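Structural overview for review
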Amino acid sequence: MATKKLSTSELLRRVDAGDSFADIAKDHGISRQAVQKRIVKLRGKTTKAVVSAKVERVVDQKLDAVDQLQKINDHANELLDLCMAWGRGDDVALQILESQRTTRTVRIGDEEIDVTRFKFKDPRELALKAMSEIRGQLKLQLDIFQALYDLKAAQEFQEEVLSAIGEVSPDVRKQIINKLNKRRVIRSAVRFS
């Protein structure tokens with residue numbers, strides 16, 4: 001693979017965009033460690049931009065999950081509306097539900113009997129299940145929003161603390177960031193099975 005020269009501006013742009021060292025290294029035919037050394041030389045062990053980009057990526061993934069939950073919720077509400085309309089005797093709902101039945105003639109001995117078979121459960125039971133699903137969806141959405149809020153609040157707190165420390169002593173700020181990064185590297189290296 002031919003290596004492309006990695007300019008400082010491109011390196012910083014990609015790191016700020018949240019690209020991993022491994023992805024940058026792969027694109028330029030160099031080692032991940034070479035990319036990391038260069039970033040450490042330019043900025044120190046971490047940057048606020050990298051942390052922010054990673055938080056934004058997590059937030060985007062959570063919002064995709066919320067969109068999916070909304071889609072499921074819409075279908076559950078549609079089913080609930082249909083079942084409730086059936087319970088009130090709505091002609092359209094009755095027609096839709098009755099289209100889910102078939103009548104067959106069954107021979108028992110010498111006698112033929114018409115048997116109606118339904119492809120659905122009791123609509124009241126379906127309505128209760130749809131209500132339960134909707135309630136569960138709402139709880140899950142609230143949990144996701146709470147986690148997102150906590151993540152953003154923690155990020156803002158970290159940025160404020162590091163900024164305040166940097167105003168008092170830039171060297172102390174750098175030392176704190178280095179210690180936090182060392183601990184994070186150790187935690188990420190330990191895998192529980």
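Residues numbered from 1 in each chain as written. Predicted model: local features only at pLDDT ≥ 70, side-chain atom pairs only at ≥ 80, totals over all residues. Heavy atoms only, no water.

**Describing the pattern of salt bridges**
Summed over all chains, the structure comprises 4 salt bridges. Where K129 meets E125, a salt bridge forms, and the shortest distance between an N and an O atom there is 3.6 Å. One end of the pair, K129, and the other, E125, are both in helix α6 (residues 123-168), 4 residues apart, so they sit about a helical turn from each other. Taking the shortest distance from any N to any O, the salt bridge between D143 and K139 comes out at 3.1 Å. Placement of the pair is D143 and K139 together in helix α6, with a separation of 4 residues, close to one helical turn. Residue classification places K139 among the exposed residues on the basis of a relative accessible area of 53%. (Salt bridge = Lys/Arg side-chain N within 4 Å of Asp/Glu carboxyl O. Helix = DSSP H or I, 4+ residues; strand = E, 2+ residues; numbered from the N terminus. Buried < 20%, exposed > 50% of the residue type's maximum accessible area, 1.4 Å probe, protein only.)

**Some words on the side chain of H28**
For H28, the position within the fold is in helix α2 (residues 21-28). Side chain to side chain, H28 and E10 meet in a polar contact 3.4 Å long. (Polar contact = N/O pair within 3.5 Å; in protein donor to acceptor, adjacent residues only side chain to side chain.)

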